[in-house]
Structures are given as structure tokens and as C-alpha cells.
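# Coordinates in review
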Amino acid sequence: MQNNWYRLDTAALIFPAITRRDWSNAFRVSACLKEDVDTAILQQAVDALRPRFPSYYVTLHKGVFWYYLEESREPVRVQNDYAYPLTFMSSRELRHNCLRVLVYKNRIAAEFFHALTDGHGGSVYLCNLIARYLELKEGIAIPRGGLLRDLNESPPPEELEDSFLKNAAEVAAGRREEPSYHLHGVREERGFKTLTTGIVETQALLDAAHRYGVTVTALLAAVMAESIIAMQSEERPRRRQRPVKITIPVDLRRLYGSRTLRNFSLVLNLGVDPRYGDYTLEELCRSIYHQIGANATPQNMAGMIAANVQPQQLVPLRLAPVFIKDLVMDAVYRRSGESGGSLNVSNITKLPLPEEMLQYVERMEFIIGPQRSYPNNCSVMSFGGKTYINMIRNIRQSELERRFFSRLVELGIAVEIECNRR
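Here's a quick rundown of the structure. (Residues numbered from 1 in each chain as written. Predicted model: local features only at pLDDT ≥ 70, side-chain atom pairs only at ≥ 80, totals over all residues. Heavy atoms only, no water.)

### Brief notes about the sheet that holds strand S15 (residues 416-419)
Taking strand neighbours across the sheet as the criterion, the seven strands line up as S10-S9-S11-S13-S14-S8-S15 in an open arrangement whose pairing is mixed. On the outer flanks of this sheet lie strand S10 (265-272) and S15, each paired with one strand and no other. Pairs of neighbouring strands in the sheet enclose a mean axial angle of 20°, with direction left out of account. Relative to strand S13 (residues 376-383), strand S11 (residues 343-348) runs parallel, the two being bridged by four bridges. Bridging from a neighbouring strand, Ile-348 pairs with Met-381 of S13. (Pairing = 2+ DSSP bridges. Helix = DSSP H or I, 4+ residues; strand = E, 2+ residues; numbered from the N terminus. Axes fitted to C-alpha atoms, helices over the stretch in contact; angles between N-to-C directions.)

### Observations concerning the pattern of salt bridges
A full pass over the atoms with the stated rule returns 36 salt bridges. For the salt bridge of Glu-111 with Arg-100, the shortest nitrogen-to-oxygen distance reads 2.8 Å. Separated by 11 residues along the polypeptide, Glu-111 in strand S7 (residues 107-113) and Arg-100 in strand S6 (residues 99-104) bring together distant segments of the chain. With relative accessibility at 1%, the residue Glu-111 sits in the buried group. The partner of Arg-275 in a salt bridge is Glu-178, and the shortest N-O contact between them spans 2.7 Å. With a gap of 97 residues between them, Arg-275 in the loop between S10 and helix H10 (281-295) and Glu-178 in the loop between helix H6 (163-166) and strand S8 (194-201) connect regions that are remote in the sequence. Residues participating in the shared-partner salt-bridge network are Arg-28, Asp-81, Glu-93, Arg-100, Arg-107 and Glu-111. (Salt bridge = Lys/Arg side-chain N within 4 Å of Asp/Glu carboxyl O. Buried < 20%, exposed > 50% of the residue type's maximum accessible area, 1.4 Å probe, protein only.)

### Topic: helix H2 (residues 39-49)
Regarding H2, the residues found buried are Ile-41, Leu-42, Gln-43, Ala-45, Val-46 and Leu-49. Where H2 is buried, its residues touch strand S5 (78-80), S6, S7 and helix H4 (119-138). Backbone nitrogen of Ala-40 and a side-chain oxygen of the N-cap are separated by 3.1 Å at the start of H2; the cap is Asp-38. (Contact = heavy atoms within 4.5 Å. Polar contact = N/O pair within 3.5 Å; in protein donor to acceptor, adjacent residues only side chain to side chain.)

### Observations concerning the environment of Glu-74
By secondary structure assignment, the location of Glu-74 is in the loop between strand S4 (67-71) and S5. Exposure remark for Glu-74: the relative accessible area of 35% places this residue in the partly exposed category. Beyond its immediate chain neighbours, meaning those up to four positions away, Glu-74 contacts Arg-50, His-96 and Asn-97.

### With respect to unusual backbone geometry
Phi is positive for Lys-105, close to 55°, though the residue is something other than glycine. Considering the arrangement of structural elements, one finds Lys-105 in the loop between S6 and S7. Judged by relative accessible area, which is 53%, Lys-105 ranks as exposed. Positive phi is not limited to glycine here, since Arg-190 has a value of about 60°. Residue position: Arg-190 is located in the loop between H6 and S8.

### Digging into the nonpolar core
With 73 residues, the main nonpolar core has Leu-42, Tyr-125 and Met-364 as its most contacted residues. It is H4 that provides the largest number of residues to this core, a total of nine residues. Apart from the residues within four sequence positions on either side, Tyr-125 is in contact with Val-46, Leu-49, Phe-53, Tyr-56, Tyr-57, Leu-99, Val-101, Ala-110 and Phe-112. (Core = buried A, V, L, I, M, F, W, Y, C linked by side-chain atoms within 4.5 Å.)

### Quick look at helix H7 (residues 202-211)
Buried within H7 we find Thr-202, Leu-205, Ala-208 and Ala-209. The buried residues of H7 occupy an angular sector of 125° when projected down its axis, which confines them to one face. Turned more than 90 degrees off the buried face of H7, the exposed positions are His-210 and Arg-211. Each element contacted by the buried residues of H7 is listed here: S8, helix H8 (216-235), S13 and strand S14 (386-393). (Arc of directions from axis to C-beta.)

Listed below in C-alpha cells is the structure:
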């Protein structure tokens, strides 16, 4: 029997080309239940989701002209979560499965190779996995709607489409950006990633953002920018400094009404140039907030989409063998893929779960790994009145976390700290 296969979506095309031995672009969504997880029942839930979410149960393969995803011949096996988050996904692993489901005591985590989907798609999968697990374990009926899908239905075509192709402008936006300042430090041995989680009251965070007249995302990005500016100023004189910009992903489904569960987000690099003078936190908040408003428009994002779509439609590139495409994409990524931002602040807003599930779920989190060229990243998710701010790094230095969380405390936001190392 021939397996189904999928073309990589527009955003996913670059991920296989830029993966390295010590770096794979992956992310994690997880939930902690109020009781320890029954692994056998969770395996049943994982298997039950496969017909409804086929594009996640796939393997990565290298063709003559393009990489592609093929339906996996093997099941996704539930594994014990024995190490640090987002351990390296090797090419050998990706040829077997591009999705991991991991368990540690009461925590269920799903880790995705980014070629499959983005944070929204990963969240939809996790919520449906938890719903099916609870139905099997607790014998309850959970209503479908919103994030939760009817597992008896076939996946509609719009969930599997490449929505970039439908929404590209006729003219592409330019890619040129001045390189931003990147943090640096001594790399951890054996690829270890330190995860520091700051847990805050969501209302306190909202109150602080409202005092500055901005969103939570803008506030967190401004505090992050302020921290990085201070670190750069201690390292080099003003005339030799670089811009400090925070990379903020934009979920394009909201702008274009897409229902796709594949990748459909783009990033904006937003911030300031410290060479022009000093900035107060209020000025940073206002600047980043208005930059988001000015740039995250359907028209502007359509131009950015076109910048990604149009090159893949060029005949010379389409006819080039995959190893040539790898070289081209790697060169483009090194020049413009990460150079424009200092690090990510990726915020998944509250996931609306039905009341039937809420009594069983304690917390939910979102973690993105460090990028290839900068060692720190930040991801945020709110659940149950708490906001979980996950700061991950692959270097030993913890100065950024110290400055960032200390500043939140100065703003009147109490922070409870957790860390995966002592």
C-alpha cells in the first residue's frame, strides 16, 4: 500500500536545509494533569488521533528536487521524558517520526519538528490529545468545538493547505535588515539546554501592560529589549552598538481567516537602535506596541509572504537539485533568517478548554528552542490564571534571565522561578 505524502509548506521548506548536527528547529507544547499519566491509555489516545491529524504522523525524506513528508509506517510511541526539553532531532529520527509524545509523572508533552506546524497547530494537537486521553481514562464525554475536533470526521482540505500560497501579494517586500545584537556565551556541553520558567499571575501582567497602554506581548518584548540593551551597553561603547530587536511571531490565521494546521505564521523584528540615545521602558513599550500595529496588517504581511513564495516559483530554483537548494537556503538564512532579531518572544494566548477538561488540567506551557545563531529564546503561555514565561538557553551565562525577571518584580509582578538545573 502506498503511503500518503505531503509537500512542505512555504515556511517549512527552509527547515530541513538549515538543520545542523547540534541544532534542529523544534518546539514543545505540554500540559500537567492533576494526576499521574497512564502511559498505556495515552498511547491509545495518540493512536486514535492519527486518522484525524495525518499530517503530524509523518516522516521527513529527501527527494531529488525537494524534501517531502510521508505518512509514517511506524506508530508514534509514547516515551519517557528523561532529559532536557527539545533534545536534538536527528535526521535518522526524522526518517521515522517528526513528532514526539513524552511523559513525565503528570506531564504530557508533544514536541514537533517545525516543518510540520507552528505553535497554533501544535496546541490544537495537544488539546485534542488530552481530550481523548481524558475520555478514555475518566469515561467522560467532552464536547467538540473551537480547538477540539471531531475525531470521527476526516480532516478537511483547508486544514492541510499551504495558506501562504493563497495570500501572497503580487509584489514581494524587501528582506534587507541591519543585523541586530546577539547575546553570546560559553556553550553548554553535549547540547544541554537550561530552561528557566517564571510563573506570574496573569492579571498582574495584564495590569502592568495596561499601565503602559500596551499588550502583554509588547510589554514582555520591551522588558526583554531593555535587558539586552543594558547588557550590550556594558560590553561595548555606544558608537559600536547594534540595534536590539525582538522577534515576534504573528499568527496569520487571524488576519486571513485560515483554518490550516500547518505552518502559517511569520515573524516581525521590532525594537530600537541604542546608538540614537537612551530609552525608558515606557518608550520601549510604546515603540514596540506601535510597530506591531503598523506592521502586522494583512497588506504588509502579504508582501512578506510573497518574499517567501516567489523564490520557490522561479524555474531555475525549481529545477535545481535539492543539494543546491540546501546551499542557497542556508546562505539566505545566514544572511537574513536570524540576523534581524536578538531573540524571540513568542506568546500563545490562553487556550480555551471546555469545562469538562479544566478540572483535570493543572497547567499548560509552550517552549521554543534556541535558534542556530543566538543562544537564548523566550516563549509564553497563559492558563488557569497563571502565565508561564519559559526562557531557554544553550549557554552557561544566566544574566539575561536575572535581569528580565528582576525587572518584572520591579514592575510589581511577583515571579515564582523554576529551573531544570541546580
